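Residue strings, one per chain:
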Amino acid sequence: MSPSDFDTIALDQIRRLCRETIAPAAATTDAEARFPREQLRALAGLGALGLNLPEAWGGPGLSAPALALAVEAVAGACGATASALTAHFLATDAILIGGDDSLRARYLPRAASGEILGAFALTEPRAGSNPADMRCRAVREGEGYHLTGVKHFISNGGVADFITVFAVTDPDAGHKGISAFVVEKGTPGFAASPPESTMGLRGGHVFELTFDCRLPEASRIGPEGSGFRTAMKVLDNGRIEVASMCLGIAEAALAAAIDWARQRRIGGQMLADYQGIQWMIADMGVKLRAARLLTEDAARKRGTGARYALEAAMAKLHASEAAGEIADRALQIHGGYGYTTALPLERWVRDLRIMRIYEGSSEIQRTIIARHLLG
């Protein structure tokens, strides 16, 4: 079987699961702010919790473009499920990119199978967009480290079995003094708050985490001081996945708007016959197409092994802003019906709002892009 054939089969299975199992539960997941355990379990049954991993570490060997399409499919069915899934990918990416083979063997195959769930802990109350400002500390103590500090807005943090945590090991070295560690659920001195009450992605729980833990040296991901570099590489992956999530939700919103415009009649005419509606849908289609091309470009480059920070930032910036506009226009086309919880429009608008903030805000993406273009 060729790689492209495998990608096609895997995507067909994931899309069927999304259509038949995940999408029907999305409204309840949102209304009850229920963490999507059952949906993740179903995805694990297809090997989807390891889609970002190579076969050597338990993954299916999916191509980077196919991974982006898989994330898009999950998000189009349920944004909260996609959020929990991609947070897990961030955790395993950190170990894959920064860890040694011993650490990879310990966590990645079990994470790929769905036996264990991961979280990625970078953001802090005073260090969100600039990780170099972090206050979390890991101080050498005997044969290991004493990890102290607080992380905030950590997806999966309170339900994960392991967390990749970033902390300062050398306060005088700036971003080169940041290291990464794996903290397992149940480690003495680790605690998680109740999940935050959020505007959107209500089932994709985020937590505040506190650490006062003793960790063995074997829990460190890579050499001391390599954590910042690892985190930035992980976030490049995450930005492509955020762009893919935006595509999934925006595609669903555009399809809903087109269906509504064809069915809804005003003054004896279909809504689609009005030029104002036609122009709105045209603009939505252009924005979605541009976002898709940028995301596909970034995903392809990810698959080559070349640097793709610029492409990832462009895809994330445009897709997140375009998707927000598309969902808002789709709601507008639905009128008052779009504002009710009987239809998914208002949920999509809420779910998409965070996309312009996490994995680096739109402002941070513009800074990254400008630095690349200005050299």
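Residues numbered from 1 in each chain as written. Predicted model: local features only at pLDDT ≥ 70, side-chain atom pairs only at ≥ 80, totals over all residues. Heavy atoms only, no water.

A look at the pairing of strand β3 (residues 144–155)
No. 1: Of the pairings in the sheet, the one linking strand β2 (residues 137–141) to β3 comprises five bridges and is antiparallel in character. Across the sheet, residue R137 finds its bridge partner in β3, namely T148.
No. 2: In the sheet, β3 pairs with strand β7 (residues 206–216) via 10 bridges, with the strands oriented antiparallel. Of the residues in β7, the one forming a bridge with T148 is D212. (Pairing = 2+ DSSP bridges. Helix = DSSP H or I, 4+ residues; strand = E, 2+ residues; numbered from the N terminus.)

Describing the layout of surface pockets
No. 1: Roughly 220 Å³ of internal volume is contained in the second largest pocket.
No. 2: Contributing to the lining of the second largest pocket are F35, R37, L40, R41, A44, L49, G114, E115, I116, L117, V159 and D161. (1 Å grid on protein atoms, 1.4 Å probe; cavity = no way out; pocket = protein on both sides within 12 Å on 5 of 7 lines; lining within 4 Å. Points joined across faces, edges and corners; volume = space filled by probe spheres on them.)

Topic: the pattern of salt bridges
No. 1: Tallying each qualifying case throughout the model produces 20 salt bridges.
No. 2: Residue R140 is joined to E217 by a salt bridge in which the shortest nitrogen-to-oxygen separation is 3.1 Å. You can see R140 sitting in strand β2 and its partner E217 sitting in the loop between β7 and β8 (220–221), a full 77 residues away along the chain.
No. 3: Its relative accessible area of 44% is what places R140 among the partly exposed residues.
No. 4: A residue is classified by how much of its surface remains accessible, and E217, at 32% relative accessible area, is partly exposed.
No. 5: With a closest N to O distance of 3.3 Å, E217 and R220 form a salt bridge. (Salt bridge = Lys/Arg side-chain N within 4 Å of Asp/Glu carboxyl O. Buried < 20%, exposed > 50% of the residue type's maximum accessible area, 1.4 Å probe, protein only.)

A look at the packing of helix α4 (residues 64–77) against helix α7 (residues 227–263)
No. 1: With their axes 7 Å apart at the nearest point, α4 and α7 run at an angle of 45° to one another. As far as their axial angle goes, α7 and α4 are oblique. Relative to α7, the crossing made by α4 is right-handed. Taking contact as the criterion, the partners of L67, A68, V71, E72, A75 and G76 in α4 are, on α7, E241, S244, M245, L247, G248, I249, E251 and A252.
No. 2: Considered class by class, the residues forming the contact of α4 with α7 number eight nonpolar, three polar and three charged. (Axes fitted to C-alpha atoms, helices over the stretch in contact; angles between N-to-C directions. Parallel < 35°, antiparallel > 145°, perpendicular 65-115°, else oblique. Left-handed = near helix turned anticlockwise from the far one by under 90°. Contact = heavy atoms within 4.5 Å. Nonpolar A, V, L, I, M, F, W, Y, C, P; charged D, E, K, R; others polar.)

Here's the deal with the side chain of S244
No. 1: Tracing the backbone through its elements, the reader meets S244 in helix α7.
No. 2: Taking the relative accessible area as the measure of exposure, S244 reaches 1% and is therefore buried.
No. 3: Reaching out from S244, the side chain makes a polar contact with the backbone oxygen of A68 at a distance of 3.4 Å. (Polar contact = N/O pair within 3.5 Å; in protein donor to acceptor, adjacent residues only side chain to side chain.)

Focus on the packing of helix α5 (residues 79–98) against α7
No. 1: Taken N-terminus to C-terminus, the directions of α5 and α7 make an angle of 160°; their axes are 9 Å apart at the nearest point. Between α5 and α7, the angle falls in the class roughly antiparallel. Read as a crossing pair, α5 and α7 show a hand that is right-handed. Along the contact surface, α5 presents G79, A82, S83, T86, F89, L90, D93, A94, I97 and G98, while α7 presents T230, K233, V234, N237, G238, E241, M245 and I249.

Quick notes on the nonpolar core
No. 1: Counting 91 residues, the largest nonpolar core has L43, L147, I333 and M355 as its most contacted members.
No. 2: Per element, the largest residue contribution to this core is 15 residues, and it comes from α7.
No. 3: What M355 contacts, discounting residues up to four positions off in sequence, is L201, V242, M245, C246, I249, K316 and S320.
No. 4: Formed by 28 residues, the second largest nonpolar core is a distinct cluster that contains A94, I95, V168 and F228. (Core = buried A, V, L, I, M, F, W, Y, C linked by side-chain atoms within 4.5 Å.)

Looking at helix α8 (residues 275–304)
No. 1: Compared with the 44 Å implied by 1.5 Å per residue over 30 residues, the 44 Å span of α8 between its first and last C-alpha is a close match.
No. 2: Its buried side turned inward, α8 meets α4, α5, α7 and α9 (309–334).
No. 3: Among the residues trailing α8, G305 stands out with phi positive, at a value near 90°. (Expected span 1.5 Å × (residues − 1).)

Brief notes about the environment of H175
No. 1: Along the chain, the position of H175 falls in the loop between β4 (162–168) and β5 (178–184).
No. 2: With a relative accessible area of 36%, H175 lands in the partly exposed category.
No. 3: The spacing of H175 and S226 is 51 residues in sequence and 9.0 Å in space, taken between C-alpha atoms.

Comments concerning the packing of aromatic side chains
No. 1: If you walk through the whole model with that rule in mind, you get five aromatic pairs.
No. 2: Between Y107 and F162 the ring centres are 5.4 Å apart and the planes differ by 35°, which places this aromatic pair in the tilted class. With a gap of 55 residues between them, Y107 in helix α6 (residues 101–113) and F162 in strand β4 connect regions that are remote in the sequence.
No. 3: What makes Y107 buried here is its relative accessible area of 3%.
No. 4: With centroids separated by 4.9 Å and ring planes inclined at 65°, the aromatic side chains of Y145 and F181 adopt a geometry described as edge-to-face. Remark: F181 occurs in strand β5 and Y145 occurs in strand β3; sequence separation between them is 36 residues. (Phe/Tyr/Trp six-rings, centres within 6.5 Å; stacked < 30°, edge-to-face > 60°.)

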